[in-house]
Amino acid sequence: MLSDLTLVESTRLAAIEAERQARLGASASLNRVSELICELVGVPTGLVTLVGDELQWIVARTRFDCASTSRENAFCKYTVARRALTVIEDATQDERVKENPLVIRAPNIRFYAGVPLITSEGHAIGSVCAIDYEPRRLTGTQARQLRMLGDIATDILEARHRLGMVESITLFPNCHQLRKDLGDMMQPAAQAERYSLFMISTIDINYMNDITSSFGGVATDTLICDVAALLQLLMPSEWPLYAVSPSRFAFVVPFAQRAAALECIDLFSDRMEDYHQGSIPIRLDVHAGVHDFDTLAMDGHEVYRKALNALHAALSMDMKVLGYRAGYDDEQREHLQLMIELATSIEARQDLFMVYQPKVDLKTNRIVGLEALLRWNHPRRGMIPPGEFISLVDKTNLINPLTYRVFEMAAAMARTCYLAGGTARIAINISTSNLLDDGMVDMFSRILEKEQARAEWLELECLETEGLLDNTRAVATLIELKTLGFRLSIDDFGAGHSNINYLRRLPTDVIKIDRYLISDIATDPASRFIVEKIVEMAHFLALKVVAEGIENEPTLALLRAMHCDAAQGYHLFRPMPEAEAFALVAGCDDTLAG
């Protein structure tokens, strides 16, 4: 649970929980509880109530006309505040309620006995109470029976998530309830009004899986509930909050309050930056999509879909908040179709092939490696640039089958080259998503056996990302791969979250300096200084350094002067077909001409 809540915040959470339960409505089971109160305590009226910030909702009642009262007039607010059995034998003589409208006017309550409903999270959200219109006393037996009914009512309230309209971890209304509520807003008879639907992503699914693997499911559930609780605290109570998945939330606001909602998301994001679970800092990434809609313009499912598309766009562009635009629909459909067709090509083992770009040793001019680069010759669209599909694949379950197919082709090439006397390692790219696959190491081992290749002939290039370093499961997989004999390198070093921890904690042999740092070293002193220091640091740590993106001779000359170990780029070699690459590295023909 959140550990830094003030008393005011804790009280507010209890009121929010009461309102959430009230929105779920009454049930036959709760109505039976109210009837049992009358039978066991011997009173004319039994109630099950939920107490919010401003209202008391009467979710089950026997012989009582009111469905709600103000919090100010609620007897049960005293039960909730005391968190204990509260008895008022004669309301006309009790200083707290003798001027209460429910006492001095109809229904003229005289006797009250209430037991608090305390959730498993420790929130007092309402009560079961016995009401009479004559003064009376509560016996010990009746008090025990009332407490028992309170326990039953609490169990019923907490079990209502099983109805299918409540998310199972937070117990918030779920995506089905949101779509239903949006549909209700779109009724033809409704007056046309403008609203904004916000969808918020709080935790990357792969990162959440890693938390579960490292600390267990309870830790993940606690994290999700803490995130939900904080989001509730920062939102006005009139904005109903939905949990559309364990790590994604949604809320609807009148369009006039759109700016306030954006401020709320900013505050939420800022506070989440400092989240700790125990002594462990947890990284949370807040992104949101928003769709503005008129209640007479479309159906609820369309509103939901467009807000979701906006969220996906915000995630792919790494933007905190992004509004929906019509182009997202076409893009989503195009991306989906492309992935369906890619899956077909992977399964059929056709249309996908490799080209290879040599890496050159800057001391000897010998070719010491070939980076395998995937190409897709689509049967209808022709050659599709890697940038159009590789980034999409990493977000789908195709990433592992595609990587295994690439590894299979690279392993076959490595065997062919080494049998012909070549010594250049074949390198392929792998992602953090691959490293999270529990079967990756076994699959690579089986492919090596099938292709009669050895791990020492291959190099695995891991893209430098913050998620790689933070993910203990990914790091453990790298260590297993290193043990098998693979050479490991960190790709695009310097492009993103570079820090010494990458080199200290990861079992890497090589760093590849990102092309955007390399491209300016001939003209920009700052870039030249940074690259030089990276080379020095890597050599101090006994690591090899490869420079990417060499486009001209001055850049190459500077890298030689810095004692960079190897380089690749169009100035040296462009990516080439497999046969051409094989001819270049086979036997002794692996020296750079000129």
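Each remark here, short or long, concerns the structure printed above.
> Would you mind showing me how to read the overall build of the chain here?
Along the backbone of the chain there are 22 helices and 23 strands. For the chain, restricting intrachain contacts to residue pairs at least 6 apart in sequence, the fraction spanning at least 24 positions comes to 66%. For the chain, the accessible area works out to roughly 26800 Å², and carbon and sulfur atoms hold 53% of it.

> How do you make sense of the pattern of salt bridges when you look at a structure like this?
Evaluation of the coordinates by the stated rule reveals 28 salt bridges. Between Asp294 and Arg194 there is a salt bridge, with the nearest N and O atoms lying 3.2 Å from each other. One end of the pair, Asp294, is in strand 12 (residues 287-294); the other, Arg194, is in strand 7 (residues 194-201), with 100 residues separating them in the sequence. Using a relative accessible area of 37% as the deciding quantity, one classes Arg194 as partly exposed. For Lys320, the salt bridge is made with Asp266, and the minimal N-O distance between the two is 3.5 Å. With Lys320 in the loop between helix 10 (300-317) and strand 13 (321-323) and Asp266 in helix 9 (residues 258-272), the pair connects residues that are 54 residues apart, well separated along the chain. Classification of Lys320 by relative accessible area gives partly exposed; the value is 32%. Given the relative accessible area of 35%, Asp266 is considered partly exposed. Through salt bridges with shared partners, a single ionic network connects Lys359, Glu371, Glu459, Glu461, Arg487, Lys512 and Glu548.

> What's the story with the pairing of strand 5 (residues 111-118) in this structure? I'm lost.
Each regular strand carries side chains that alternate between the two faces of the sheet. Here strand 5 lies mainly inside the structure; seven of its eight residues are buried. By the bridge criterion, three bridges tie strand 4 (residues 86-88) to strand 5 in an arrangement that is antiparallel. Residue Val87 lies in a different strand from strand 5, and its bridge partner there is Ala113. Sheet topology places strand 5 next to strand 6 (residues 124-132); eight bridges connect them, and they run antiparallel. Looking at strand 6, one finds that Gly114 is bridged to Cys129.

> Would you explain the environment of Ala91 in this entry?
With respect to the element layout, Ala91 can be found in the loop between strand 4 and helix 4 (101-104). The class of Ala91 is buried, set by a relative accessible area of 0%. Not counting residues up to four positions away in its chain, the partners in contact with Ala91 are Phe75, Val97, Lys98, Val103, Ile109 and Arg110.

> What exactly am I supposed to notice about the environment of Val355 here?
Among the structural elements, Val355 can be located in strand 14 (residues 352-361). When the C-alpha positions of Val355 and Ala579 are compared, they lie 9.3 Å apart, and in sequence the two are 224 residues distant. Apart from residues lying up to four places away in sequence, Val355 is in contact with Glu371, Ala372, Leu373, Arg375, Pro575, Met576 and Pro577.

> Would you mind showing me how to read empty space enclosed by the protein here?
A water-sized probe, rolled over the atoms, reveals where empty space remains. On inspection of all chains with the given rule, the structure shows two cavities of 30 Å³ or more. The computed volume of the second largest cavity comes to approximately 90 Å³. Taken together, Leu47, Gln56, Ile58, Phe64, Thr69, Phe75, Cys76, Leu102, Ile109, Tyr112, Cys129 and Ile131 make up the full set of residues lining the second largest cavity. At the level of secondary structure, the elements contributing two or more residues to the lining of the second largest cavity comprise strand 2 (55-62) and strand 6. Of the residues assigned to the lining of the second largest cavity, the class counts are ten nonpolar, two polar and no charged.

Conventions and cut-offs
Residues numbered from 1 in each chain as written. Predicted model: local features only at pLDDT ≥ 70, side-chain atom pairs only at ≥ 80, totals over all residues. Heavy atoms only, no water. Helix = DSSP H or I, 4+ residues; strand = E, 2+ residues; numbered from the N terminus. Contact = heavy atoms within 4.5 Å. Areas by Shrake-Rupley, 256 points an atom, 1.4 Å probe, with all protein chains shown as cover. Salt bridge = Lys/Arg side-chain N within 4 Å of Asp/Glu carboxyl O. Buried < 20%, exposed > 50% of the residue type's maximum accessible area, 1.4 Å probe, protein only. Pairing = 2+ DSSP bridges. 1 Å grid on protein atoms, 1.4 Å probe; cavity = no way out; pocket = protein on both sides within 12 Å on 5 of 7 lines; lining within 4 Å. Points joined across faces, edges and corners; volume = space filled by probe spheres on them. Nonpolar A, V, L, I, M, F, W, Y, C, P; charged D, E, K, R; others polar.

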